[in-house]
Amino acid sequence: MDRTSVEEDHVETDPRRRTPRTDAVLSDERLRKAADRLGEHVVKQTVRATLERCRAGELAPEDVVGAAVDALPPAATSLRRVVNATGIVVHTNLGRAPLSDAAVEALGVAAGATDVELDLATGRRGRRGRSALGALAAAVPEAGGVHVVNNGAAALALVTCVLAGRGGTVVVARGELVEIGDGFRIPELLESVGAVLREVGTTNRVRLADYEAAVAEDPDGTAFVLKVHPSNFVVSGFTSSVPVEELATLGPPVVVDTGSGLLRPHPRLPDEPSAAAALRAGADLVTASGDKLLGGPQCGLMLGRADLVESLRRHPFARAVRVDKLTLAALEATLVGPLPPVVAALEATPAELALRAQQLADQLGDLGLDPPPEAVPSVAAVGGGGAPGVELPSAALVLPARLAGPLRDDPCVPVVGRVERGRLLLDLIAVQESDEADVLAAVRRAAR
Ligand SMILES: *Cc1c(COP(=O)(O)O)cnc(C)c1O
């Protein structure tokens, strides 16, 4: 065969040669509009990835523009909206608490210029976040003062820095030296801001006498007594801990890290400490996260004695953990608005959830899946550092396990379930009804 004709033939069919130029694709009207909205960089990246598929022969050159338009992300963030069908209400890897619609709307309002630190009536500087702080104070009248920082760890670090920062002693039970997650540990956090730990008791038991002895050893050096809620594990059997009421008799201030952020006791979570109960029991300060059981944005709450809260607020370190206007807006909306999704999930009844699961199963009956979709009772968990060991009765849609991967990697709305005994369960406790259409569509795509 003649060598030249082989090469000419090759030129015509080789997709690498026929791949359009990046500039030519980018000049398409739809992609130019997208660049105005998403930014040049995001659009270029999408176009490059699409051209790569064309070069690999997966895509015809004439289809490149259409495919690039389809592949554009919905927003200029690569974070994706995900449906949490894991049955873990506050899922750390899925961003903990989903915000309520009211909180999302508040984010939009606060996103631009806003009066977060300006009193519009007088034109003078206003107290930063006064309305969010006012809403928090109103929700927990037991607190003389309230303050908000970046997250729960920042709240505890600020309290420790202010009360025990220069070598002050923090008395804490050995059974409460908690690792929060991702390798971060409360004792190391306390030491990192200059406190000295005085551990009391054993892993499973501690008595008031242990605390008394530790405080008596160093009455002037004891900065505070800390009680940490073991929020992500349960110790059962031969155990004892000392309630806040008794710690309050010791003398030094009592700080309670409740973790999960319940402001008031919740009937479905009888063993979960709340800020109001801890303060009533005599705690001087309570710290908590905003994005666990409170159901709000990531933030750290501090509630308690007005003089202590004021000293926290005025300390230089407070500025380093200052909360932003978006958080303040979302926190206020969470506190004064309709029930956030986390709280709604805690209140959903198994019967309602079972009905929703059955309706989803019925709507997927035509897919010919083997085994066919069905509704089953399920056991959900609070997760995310709250109410460990509590079982929440729920319901799930059961699908073949082979759909787990495709659903999680869905191009439109990823759905994350859990595989249990060879089946995929989509637990509905944390799936909002408004997400159900997306779940159905994703299952149809995954089943194809
Ligand atoms: C979650 C938790 C923290 C840490 O709070 P972040 O908001 O994650 O920083 C601290 N203490 C306890 C008891 C917790 O449960």
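Scroll up for the structure.
Residues numbered from 1 in each chain as written. Predicted model: local features only at pLDDT ≥ 70, side-chain atom pairs only at ≥ 80, totals over all residues. Heavy atoms only, no water.

Draft legend 1. Local environment of the overall build of the protein chain. A tally of regular secondary structure across the protein chain gives 20 helices and 17 strands. Projected onto its principal axes, the C-alpha coordinates of the protein chain cover approximately 100 × 55 × 50 Å. Counting across all 448 residues of the protein chain, residues that qualify as buried make up 46%. Put simply, of all contacts in the protein chain between residues at least 6 apart along the chain, 74% involve residues at least 24 apart. For the protein chain, the accessible surface area stands at approximately 22,100 Å², while carbon and sulfur atoms represent 52% of it. Of the side chains in the protein chain, 47 bear a positive and 59 a negative charge, and the two mean positions are spaced by 4 Å. (Helix = DSSP H or I, 4+ residues; strand = E, 2+ residues; numbered from the N terminus. Buried < 20%, exposed > 50% of the residue type's maximum accessible area, 1.4 Å probe, protein only. Contact = heavy atoms within 4.5 Å. Areas by Shrake-Rupley, 256 points an atom, 1.4 Å probe, with all protein chains shown as cover. Lys, Arg positive; Asp, Glu negative; His and termini not counted. Charge placed at Lys NZ, Arg CZ, Asp CG, Glu CD.)

Draft legend 2. Region of interest: the site of the ligand. The immediate surroundings of the ligand are formed by 14 residues, with Arg96, Ser231, Asp257, Ser289 and Lys292 found nearest. In the model, an oxygen atom of the ligand is placed 2.8 Å from a nitrogen or oxygen of the Ala153 main chain. In this structure, an oxygen atom belonging to the ligand sits 2.5 Å away from a side-chain N or O atom of Ser231. Against a free-state accessible area of 370 Å², the protein chains account for coverage of 94% of the ligand. (Near = heavy atom within 4 Å. Polar contact = N/O pair within 3.5 Å; in protein donor to acceptor, adjacent residues only side chain to side chain.)

Draft legend 3. Main features of the environment of Leu94. The topology assignment puts Leu94 in the loop between strand E1 (83–84) and helix H7 (101–111). A relative accessible area of 32% means that Leu94 is categorised as partly exposed. For the pair Leu94 and Arg421, spaced 327 residues apart in the sequence, the C-alpha separation amounts to 23 Å. Those residues in contact with Leu94 that sit more than four places away from it in its chain are Val82, Asn84, Thr86 and Val416.

Draft legend 4. Region of interest: the sheet that holds strand E17 (residues 423–427). Pairing is antiparallel across the open sheet formed by 4 strands, whose spatial order is E13-E14-E17-E16. Looking at which strands have only one partner, the edges of the open sheet turn out to be strand E13 (374–380) and strand E16 (418–420). The mean inter-strand angle of the sheet, taken between neighbouring strand axes irrespective of direction, is 45°. In the sheet, E13 pairs with strand E14 (residues 392–400) via 7 bridges, with the strands oriented antiparallel. If you follow Ala380 over to E14, its bridge partner there is Leu392. The strands touched by helix H18 (residues 350–363) within the sheet are E13 and E14, with E14 carrying the most contacts at an inclination of about 10°. (Pairing = 2+ DSSP bridges. Axes fitted to C-alpha atoms, helices over the stretch in contact; angles between N-to-C directions.)

Draft legend 5. Quick look at the pairing of strand E4 (residues 145–149). With 5 of its 5 residues buried, E4 lies for the most part within the structure. Both faces of E4 are covered, namely the face carrying Gly145, His147 and Val149 and the face carrying Val146 and Val148. Bridge count between E4 and strand E12 (residues 300–304): 5 bridges; the pairing is antiparallel. In the strand pairing of E12, Val148 is matched with Leu301.

Draft legend 6. Up close: the sheet that holds strand E9 (residues 222–228). Across the sheet, which stays open at both edges, the 7 strands sit in the order E4-E12-E11-E10-E9-E5-E8 with mixed pairing between neighbours. With partners counted over all chains shown, the strands left at the sheet margins are E4 and strand E8 (196–200), one partner each. Adjacent strand axes in the sheet meet at a mean angle of 20°, parallel and antiparallel pairs treated alike. Bridge count between strand E5 (residues 169–173) and E8: 5 bridges; the pairing is parallel. Paired with Val171 across the bridge in E8 is Arg198. Running over the sheet, helix H8 (residues 130–139) touches E4 and E12 and is turned about 130° from E4.

Draft legend 7. Region of the structure containing the packing of aromatic side chains. Within this structure, the stated rule accounts for 0 aromatic pairs. Here Arg205 stacks its cationic end above the ring of Phe238, 3.8 Å away from the centre of that ring. (Phe/Tyr/Trp six-rings, centres within 6.5 Å; stacked < 30°, edge-to-face > 60°. Lys NZ or Arg CZ within 6 Å of the ring centre and 35° of its normal.)

Draft legend 8. Seen up close, unusual backbone geometry. Omega for the peptide link from Asp370 to Pro371 comes to -5°, which places this bond in the cis form. Note that Pro371 resides in the loop between H18 and E13. The residue Asp182 is not glycine, and still its phi comes out positive at about 55°. Among the structural elements, Asp182 can be located in the loop between strand E6 (179–181) and strand E7 (184–185). The exposure class assigned to Asp182 is exposed, which follows from its relative accessible area of 73%.

Draft legend 9. Structural detail: the packing of helix H4 (residues 29–38) against helix H5 (residues 40–55). Look at H4 against H5: their axes get within 7 Å of each other, and the N-to-C directions meet at 135°. One way to sum up the angle between H4 and H5 is to call them oblique. Touching Leu31, Ala34, Ala35 and Leu38 of H4 are Glu40, Val42, Val43 and Val47, all from H5. Its residues assigned to classes, the contact of H4 with H5 comprises 7 nonpolar, no polar and 1 charged. (Parallel < 35°, antiparallel > 145°, perpendicular 65-115°, else oblique. Nonpolar A, V, L, I, M, F, W, Y, C, P; charged D, E, K, R; others polar.)

Draft legend 10. Structural view of the pattern of salt bridges. In total, this model carries 28 salt bridges according to the counting rule given. For Lys33, the salt bridge identified is with Glu29, shortest N-O distance 3.2 Å. Pair noted here: Lys33 and Glu29 are both in helix H4, with a separation of 4 residues, about one helical turn. Under the relative-accessibility criterion, Lys33 is labelled exposed at 54%. Where Glu199 meets Arg174, a salt bridge forms, and the shortest distance between an N and an O atom there is 3.1 Å. A residue pair is termed long-range when its members are at least 10 positions apart, and Glu199 in strand E8 and Arg174 in the loop between E5 and E6 qualify at 25 residues. Classification of Arg174 by relative accessible area gives partly exposed; the value is 38%. Several salt bridges share partner residues, and in doing so they unite Glu117, Arg125, Arg128 and Arg322 into one network. (Salt bridge = Lys/Arg side-chain N within 4 Å of Asp/Glu carboxyl O.)

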